[in-house]
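Chains, contacts and geometry: an overview
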Amino acid sequence: MMNSSIYMAQIAVPIGGAALTLLVGAIKPRLRPAFAFLVGAATACLTIITLAGAGSPGRFVIPWQGVLNEFSLSPDGLSAYIAAAAGVLGCLILLYSARYMEHEEGLTRYYALVLLFIGAMIGLVTTDNLLVMYFFWETVGLCSYSLIGFNYDNPDAAKAGLKAFITTKIGDVGLLTGIMTLYVSTGTFNIFEIIDAAAGGAIPAPALSLAGFGFLMGAAGKSAQVPLHVWLPDAMEAPTSVSALIHAATMVNAGVYAIARTYPLFSEVAGWTTAVTWVGAITALLAACMALYARDLKRMLAYSTVSQLGYMMFGIGVGGLLASQFHLLSHAIFKALLFLCAGAVIHEVHTRNMDEMGGLGRKMPVIRTCYLIGVLALAGVPIFNGFWSKDMLFASALHSGNIVPLVFAVATAVLTVIYSLRSYFRVFTGELSAAGEKAHQSPPSMLLPLVLLAVGAVTSWLIIGIYSATLHQTGLIGEAISVGHLIHETVQSTALLLSLLALFLGGAVVFSTRKAKTAAAPSGLALWAGKGFGFDQFYLALLNGAYQVAGAVISTYDSISNWVGKAAIFLTVGFGKTLRNQNIGDLNKNLLWLVSGIVIIIAIVCVKRG
Amino acid sequence: MNLAVNWVWMLTAIVVIAGLGIFCIVTRRNMFRMLMGFTMLTKAVTLAFVTGGTLWGQPGLGQTLAIIVIVIEAAVTAVGLSMIVNIYRHYGAVNTNQIKRLRG
């Protein structure tokens, strides 16, 4: 137990900082990066302090009768670590942004939105009230929309922002349906009370089922799962620091978090875990295929994020909550590292196309090393954090007997090794490209976050002992495991063989094709994968069809209303003309009406009297 | 009882005279003719008073009213004639088609 007002502080500091950034931007624009970094650092400290009490959290409550029901925060093991990831990575990204973004316009907007983003993400995971969660969920969506479209005068960026917003909104419909269904069934928004009520059988099965799949839909939108993954690759139009923020610290973790949080609630729903497993497995494999053929460095990293998020979903589906959340943390670290390295490279060579890069390793040795560490972690090479968590995922799948999805996952691992190592070779080795001539080492304030993250990517798995203990205290997993236990388990398990097999296969493909300098022109399936398996075209065709139908309906309606309108005009004009002829000031006519009036009055009197 | 027969004939005469007068007012464009129509209408009214007075057993009252109506009608006709003369002086016309202009 600790003073629970710290929970409020870790949300209030970044969000208040976002508001103050506007003030700083108006008074002393030069101080914006420093101010934002200080706020970020304070937030990071607060989230780390919160970790200490995450095992038995206190509860911070503002009884807020009315709009948001009850504003309550209760960061348990599950949420405190995601909040800490958001806070710490956000802080490093803010440090990196100071130099990376220094020549951009609209920095006040940038820093305010990044801080709001971090604050909203921390709020999203630490609250135990679903309605408050939904509020922060939408705030996160809003921030991502604004930051993806940061360069709003670039039409691609504006479109990408809108696409992200609309696609995630489609998922949000499901999430809101889920939340409302749960509220109607139980009369409370508190997730823990809802879980207790469901355990007591208070929620009818169809309602629980509807809510479960609604949550899955919302998570698929936020965490970019098939078929709602299309927004994430396009979100690469954002500045790279924002990509790192979205991919590692905030946004995409929200969906995985929501599924992990509601796992105790929905795990008994028929078909739910199967659906989560398959959504994850299919997403992982499809996205890995797309990443294999991506030429844009950031796009490749984006597909790899989709793929890794698929792993996390897959992990929850097969019951490996610890493995999934552990992979989330590992992924957050190495993906932030990869993105920040990619940003540093793109900053120097002014292109995102990997074909135009090459041989940058000599020019940027530190970044080369950091990127290599990130790639090895992504590929799941032993010792790096990605290896341990991925291995745990495989072990969970084996344990639960989901063999077919596991095959998908292992195939994904092979592809991951291929595309990640290949990207390293394409960017940093070989002959120096024309674009890289003028490249030079990044400034220290950009290198520091990279080095810290690289250290994290190598060592973060060592926290498994504390992390699993916290999750165990929270009651989400059966037993805690220590580091020694983890190593022991990993070495003995069959899953290790799968991991090594994937590494070996992937490595063999990479090194055997490395000499072939000119890659064969992609054809058939490869071409299709390179174009993202036609999801975009399909959605475009779908929208097109919908527009056509709507257009036909509207045009029919239009012609009908046109006729109605014409008839109305005809009648009105005719009536008007008739009336006008009665009022032309003709004395005789006026008298005729006068007499007619008198006659009518007399007639009425006669009828009444008689 | 001749009275009943008279009543029908008288009423017919009143309606015919009034109808002619109204017809004259509504259809004629010459203001003198309209005034004539108006005079015919008042004649029908006068006749109606006399007939009514006789019919309801108060012939004195009816005839008195008839005299009053004749007097008033004469005065109204005189005023009307003087207006027509003035209008003629102003517009140079007695046809209502030609004196539609509202502003003097």
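Residues numbered from 1 in each chain as written. Chains lettered and ligands numbered in written order. Predicted model: local features only at pLDDT ≥ 70, side-chain atom pairs only at ≥ 80, totals over all residues.

Our next topic: the overall build of chain B. Within chain B, the regular secondary structure consists of 3 helices and 0 strands. The linear arrangement of helices and strands in chain B, starting from the amino end, is α-α-α. By the compact-globule yardstick of 13 Å for 104 residues, chain B is too spread out, its C-alpha radius of gyration being 17 Å. Considering only C-alpha atoms, chain B reaches an extent of 55 × 25 × 15 Å along its principal axes. Evaluated residue by residue, chain B yields a buried proportion of 12% over its 104 residues. (Helix = DSSP H or I, 4+ residues; strand = E, 2+ residues; numbered from the N terminus. Rg over C-alpha atoms; globule rule 2.2 N^0.38 Å. Buried ≥ 20, exposed ≤ 12 C-beta atoms within 10 Å, placed from the backbone.)

This paragraph deals with the overall build of chain A. Helix and strand content of chain A: 24 helices and 2 strands. Overall, the C-alpha framework of chain A stretches about 115 × 65 × 55 Å when taken along its three principal axes. Counting contacts in chain A only where the partners sit at least 6 residues apart, residues at least 24 apart contribute 81% of the total. (Contact = placed C-beta atoms within 7 Å.)

Let us look at the interface of chain B and chain A. Each partner contributes residues to the interface: chain B has 7 residues there, and chain A has 6 residues. For the side of chain B that touches chain A, the per-class residue count stands at 3 nonpolar, 2 polar and 2 charged. (Nonpolar A, V, L, I, M, F, W, Y, C, P; charged D, E, K, R; others polar.)

Moving on: the environment of Tyr100 of chain A. All names here are of chain A. On the secondary structure map, Tyr100 appears in helix α3 (residues 77–100). A residue is classified by how many C-beta atoms lie within 10 Å of it, and Tyr100, with 25 of them, is buried. Linking Tyr100 and His347, residues 247 residues apart in sequence, is a C-alpha distance of 7.4 Å. Contact partners of Tyr100, with chain neighbours within four places excluded, come to Ser241, Gly343, His347 and Met446.

For helix α23 (residues 535–582) of chain A, which comprises 48 residues, the first-to-last C-alpha distance of 68 Å matches the rise-based estimate of 70 Å (1.5 Å per residue) to within 8%. For α23 of chain A, a buried count of 0 out of 48 residues is recorded, marking the element as mostly open to its surroundings. (Expected span 1.5 Å × (residues − 1).)

Judged by nonpolar contacts, the single largest core of 195 residues is most densely connected at Phe117, Ile259, Ala336, Leu337, Cys341 and Ala409 of chain A. Once you skip the residues sitting within four places of it in the chain, Leu337 of chain A turns out to touch Cys370, Ile373, Gly374, Leu450, Leu453, Ala454 and Ala457 of chain A. Grouped together as the second largest cluster of nonpolar side chains are 6 residues, Ile25, Met31, Leu35 and Leu41 of chain B included. (Core = buried A, V, L, I, M, F, W, Y, C linked by C-beta atoms within 7 Å.)

In this section: the environment of Ser389 of chain A. Residue and element names in this part refer to chain A. Turning to its location among the elements, Ser389 is positioned in helix α16 (residues 385–400). Once the C-alpha coordinates of Ser389 and His327 are considered, the two residues, 62 residues apart in sequence, prove to be 4.8 Å apart. Apart from residues no more than four positions distant in its own chain, Ser389 is found in contact with Ala323, Phe326, His327 and Ser330.

Further remarks concern the packing of α16 of chain A against helix α17 (residues 403–428) of chain A. All names here are of chain A. Running from N to C, α16 and α17 point in directions that differ by 160°, and their axes come no closer than 10 Å. Taken as axis vectors, α16 and α17 run roughly antiparallel relative to one another. The handedness of the crossing between α16 and α17 comes out as left-handed. Residues Lys390, Leu393, Phe394, Ala397 and Leu398 of α16 pack against Pro405, Leu406, Ala409 and Ala413 of α17. Considering only residue class, the contact of α16 with α17 consists of 8 nonpolar, no polar and 1 charged. (Axes fitted to C-alpha atoms, helices over the stretch in contact; angles between N-to-C directions. Parallel < 35°, antiparallel > 145°, perpendicular 65-115°, else oblique. Left-handed = near helix turned anticlockwise from the far one by under 90°.)

Residue and element names in this part refer to chain A. In this chain, Val226 is followed by Pro227 through a cis amide linkage whose omega measures 5°. Positionally, Pro227 belongs in the loop between α8 (205–222) and α9 (231–234). At His350, a residue that is not glycine, the phi angle is positive and equals roughly 60°. For His350, a count of 10 C-beta atoms within 10 Å puts it in the exposed group.

Attention now moves to the confidence of the model for chain A. Residue-level pLDDT values for chain A average 85, and 95% of them are 70 or greater. Mean pLDDT in chain A bottoms out at helix α22 (residues 524–530) of chain A, which sits at 67, and peaks at helix α4 (residues 107–126) of chain A, which reaches 91. (pLDDT = per-residue confidence, 0-100.)

Attention now goes to the confidence of the model for chain B. Reading fine detail from the predicted coordinates is not recommended where pLDDT is low. Per-residue confidence for chain B averages 86 on the pLDDT scale, and 90% of its residues sit at or above 70. When pLDDT is averaged over each helix and strand of chain B, the minimum, 82, is found for helix α1 (residues 2–27) of chain B and the maximum, 92, for helix α3 (residues 59–91) of chain B.

For α4 of chain A, with 20 residues, the first-to-last C-alpha span of 28 Å sits near the 28 Å given by 1.5 Å per residue. By the criterion of burial, α4 of chain A is predominantly enclosed, with 17 of the 20 residues buried.

Turning our eyes to something else, we now look at the environment of Thr474 of chain A. Residues and elements named next belong to chain A. Positionally, Thr474 belongs in helix α19 (residues 464–474). Separated by 193 residues in sequence, Thr474 and Ala281 place their C-alpha atoms 28 Å apart. Among residues more than four places away in sequence, those in contact with Thr474 are Gly55, Asp76, Gly77 and Leu78.

Residue and element names in this part refer to chain A. Relative orientation of the contacting elements helix α2 (residues 32–52) and α4 amounts to 5°, with a least axis distance of 10 Å. By the angle between their directions, the pair α2 and α4 is classed as roughly parallel. Residue-level contacts link Arg32, Ala36, Val39, Gly40, Thr43 and Thr47 of α2 to Leu107, Thr108, Tyr111, Val114, Leu115, Ile118 and Ile122 of α4. Within the contact of α2 with α4, the residues separate by chemical class into 8 nonpolar, 4 polar and 1 charged.

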